[in-house]
Amino acid sequence: EPVTLRLGHAVFEAHPNHDTAVRFKEAVERISAGEVKIEIFPARQLGDVKELMEGVQLGTVDMTVNSSSALATLEPSMDAFQLPGVIPDYEGFAKLAVSEPARRIMDTLGKHDMVALGLYDGGQRHFLTVGEPVTAMEGFKGLKTRVAPVKLFLDVWSAAGTNPTPMAYGEVYSALETGTLDAVEINLTSIESEKFFEVAKGVTLTGHYFWPSLMLVNKGVFDGLTPEQQEAMRAAAQEITEPQVMAVKELDEKVLAHLAELKVPVITPDASFKAAFRDAMKPVVERYRAADPLIDAFAIEAEALPATN
Amino acid sequence: MIWLGSLFFFTLILGVPIAFVLGISGLGYVLMTDQTRFLVALPQRMVAGMDQFVLLAIPLFVLAGSIMDVGGLTSRLVGLANSVVGRFRGGLSLTAVWGAFLFGGVSGSAAADAAALGTVLVPDMKRQGYDPDYSAALIAVSSLMAPLVPPSIAMIIYGALSGTSISQLLIAGIVPGVLLATILSFYAIYIARRENYPRAQALPMAEITRNAVQALPVMLLPVIIVVGIRGGVFTATEAAAVAAIYALLVSGLVYRALSWRFLRQALLSTAIISSAIYILIAMANIASFIFALEQLPQKAVAGLTGLTDNPYLILLMVNLILLVLGMFLDTIGVLILTVPALTAIGTTLGMDPVHLGVMVVFNVLIGFVTPPVGLCLFVIAGVTGRPMELIALKALPMLGLAFIVLAIITLLPDIVLFLPRAIAGGGA
Amino acid sequence: MSTLLRGYRMAAETLCILGICIVAVLGGLQVVFRYGLGSSLVWSEEVMRLSMIWTVMLGSGLAYSRGHFLGMRFAVDALPAGLRRGCDVLAALLVLGFLGAIAWYGSVFAWKTRLQSSSTLGYSLIWLNGAVVIGALSMGAHVLAETLWGKGAPQGGEGVE
Ligand code: NA
Ligand code: NA
């Protein structure tokens, strides 16, 4: 008997997380030969990030693609995916997403009635400024920087020397415009879709961390599927990982080309800036690694990656 | 769907408060369609609906208004309006219109505006020979300016529901507010000529200046809000906190009108008024979840755009639907029920979100003065002791004028958008 | 009994006032810290939201009794007194049934999400989500009291917007 699962997410259709949902829908409907159908509810129709996560826990929403930072309020080991510098690049992300240590972290969600099918990307994060782009560590000093109010991000941006400022996402555009904020740490595709480039005039390609998301299913719903359907779900989730992650990389390149067209200054940090940033982050990374063996195992796996560039 | 609709209308006719109409319909839908796993989503949606930072502007602006009101603000504003426009024929009715406009600069709520001005002005107007039902109606319609001129609770809620920039919405409401005040002024002058209503004595310049100085701290509030947001000092939500603190300082230190007893009263009424608004938002968040499950917004858009692809006809139909809903439901209720579909329609038509927001809010505000359920009509009838039907009758021609303003702001987006573009920059 | 009621009202009112004060003061401090001192408060937003939700949950019962929940009364008010009373009781029963469901499933919700912690201060979200249970119970008590002893269903009160 074919099932239809409702998948809700919190972003607009231009965001990589929507792409994840669409790819999964295509893959699982093909692999299961129509036995598992997915109905996508984009753009907060079924609720915002926190509600969707709770919804999958409670079984009021079958599935979601939801950022790992939201899940860190349930399972602190999720912070592993966003420790600055740990995931080196998109190629590394695609490998680490299907690694054993990542799987162990995702499986901690089982005790919250959720099955995590896979880890995907919402876009590498960079640093957008109202004034000149930041070219050295000192440039961060005191910048009122919008971060999501999450402990890890507050720690990271305090360590970088900025003045981390939590603010509702909807207020960011006008806050950048009026100077309530000096900067925001953000992914390139959002700079494009939210038109942040109109009000902020410099991008520093810090690439400090990624914005991973997890594909989640309610445990009761998943257990209620036939073994064949479950297998199709897992296979589809696995199959789309690499293409999804690499598609975000391509998207980033398109945005960069567009920013160049618009003559928005984009700075690639030089070697000494990169080293200084890594040094500033070191105590934060070590503290989080020491706090949780799951996080440490993931970081060790990341260190063992062959260098790609 | 049938269950949802019939429960909705049944409880509505039964006189169940609108907030609970939404909640009960939602609960009934879940039970009747045998989707009991969604039961636990009802309280979850309530919390999620209320747990939004931008909504905090509601209690804070209500607080600013109540503290200012304790400081004897109404009479000061009325004094100022009177010293400027009182000398014309029908001077007191013009005072009502522009007094409502000035009051709108400190209050985000039409009902507060109607109550305050009705109390102060209707007895005076009666003494000068004005028809009391006409006076009440004029004040009721003028009070719609309060949610147009910043601060505005209706704009905040629209912004929160649709994700539109609240600072831009607040600024975009100013021009429609001025338009409404102007068109109502012409109507008041016309009626005053016809009925031969008196003019007030022109005040000496010294007294006008004195009135202006007295009202100055109050009138600075909207300026502080706009300048503070524009200058990057605070966000739209924080502006409300600044407004409340400013109101406290002005009432306490400048007007010396604040006692502990009054402060307690202002805080308590703020808490209670905001609670009612928040509960409505919470319940509507239940309704919108069920609409999403049934994909109603998409169906509504498909239905409307399937009838015609002429954008003006679509806008006309949207406005008619909103007007009808506004007759029966309260402002926030209409907004919460329709915003998801409206933003989808706006995107389909390629409308600027701020323009769409101002059009929708203005339209829904008209519902305040349309029977059978019109909050400002209730309030002004209560304050003046006149029957609601008679007031509504006198308000009818003025509603026609409000429709003209609605048509202007619907068809000429630039009239709405030039101010936010000039003040708030390129986003609009 | 009346002492108990007075005590309840006093406590609810005082907590509501306190809640609004917290929201206003933290809102102001947030501006002072970010704009004035260059070091933004990171936890204030969370506390403001929490404080407001509890204010609403304790204040909504008071709001109900003061007639702040408007309904469309013209049809019911046109009925003869006896029928009108019947309609009002039926309406109250529907509201009570709804609030009962919210209290019950609200506690299921609060309990099941208790392991989630708030994002900056890290307290268990049972303190946020549990408010809805208290709110439903307190509103229910007010609805019951107004139906049994009040002047009937609420009329247009002081109004909201
Ligand atoms: Na206003
Ligand atoms: Na109406």
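The structure under discussion appears in the preceding block.
Residues numbered from 1 in each chain as written. Chains lettered and ligands numbered in written order. Predicted model: local features only at pLDDT ≥ 70, side-chain atom pairs only at ≥ 80, totals over all residues. Heavy atoms only, no water.

1. Digging into the overall build of chain B
Check the secondary structure of chain B and you find 21 helices and 0 strands. Taken over the C-alpha trace, chain B has a radius of gyration of 22 Å; the compact-globule value for 428 residues is 22 Å, and the two agree within 12%. Taken along the three principal axes of its C-alpha coordinates, chain B extends 70 × 45 × 45 Å. Looking at the 428 residues of chain B, the share that counts as buried comes to 64%. Sequence separation of at least 24 residues holds for 77% of the intrachain contacts in chain B that already meet a minimum separation of 6. Of the accessible surface of chain B, which amounts to about 14300 Å², a share of 69% is contributed by carbon and sulfur atoms. With 19 positive and 16 negative side-chain charges, chain B shows a separation of 11 Å between the mean positions of the two kinds. (Helix = DSSP H or I, 4+ residues; strand = E, 2+ residues; numbered from the N terminus. Rg over C-alpha atoms; globule rule 2.2 N^0.38 Å. Buried < 20%, exposed > 50% of the residue type's maximum accessible area, 1.4 Å probe, protein only. Contact = heavy atoms within 4.5 Å. Areas by Shrake-Rupley, 256 points an atom, 1.4 Å probe, with all protein chains shown as cover. Lys, Arg positive; Asp, Glu negative; His and termini not counted. Charge placed at Lys NZ, Arg CZ, Asp CG, Glu CD.)

2. So, the interface of chain A and chain C
Counting from both sides, the interface comprises 20 residues of chain A and, opposite them, 18 residues of chain C. Buried surface at the junction of chain A and chain C, both sides included, amounts to about 1600 Å², of which 56% is carbon and sulfur. Linking chain A with chain C are 0 salt bridges. On inspection of chain A and its partner chain C, the count reaches 7 residue pairs in polar contact (both at pLDDT 80 or more). (Buried area = accessible area lost by both parts, 1.4 Å probe. Salt bridge = Lys/Arg side-chain N within 4 Å of Asp/Glu carboxyl O. Polar contact = N/O pair within 3.5 Å; in protein donor to acceptor, adjacent residues only side chain to side chain.)

3. Some remarks on the interface of chain B and chain C
Every contact between the two is made by 64 residues of chain B and, on the other side, 60 residues of chain C. Of all residues in chain B, B:Leu14, B:Phe20 and B:Ile272 bury the most surface against chain C, accounting for 11% of the area lost on that side. Taken together, chain B and chain C are joined by 5 residue pairs in polar contact (both at pLDDT 80 or more). In terms of residue count, the dominant contributor to the side of chain B that touches chain C is helix α14 (residues 260-293) of chain B (15 residues). By residue class, the composition of the side of chain B that touches chain C is 48 nonpolar, 12 polar and 4 charged. (Nonpolar A, V, L, I, M, F, W, Y, C, P; charged D, E, K, R; others polar.)

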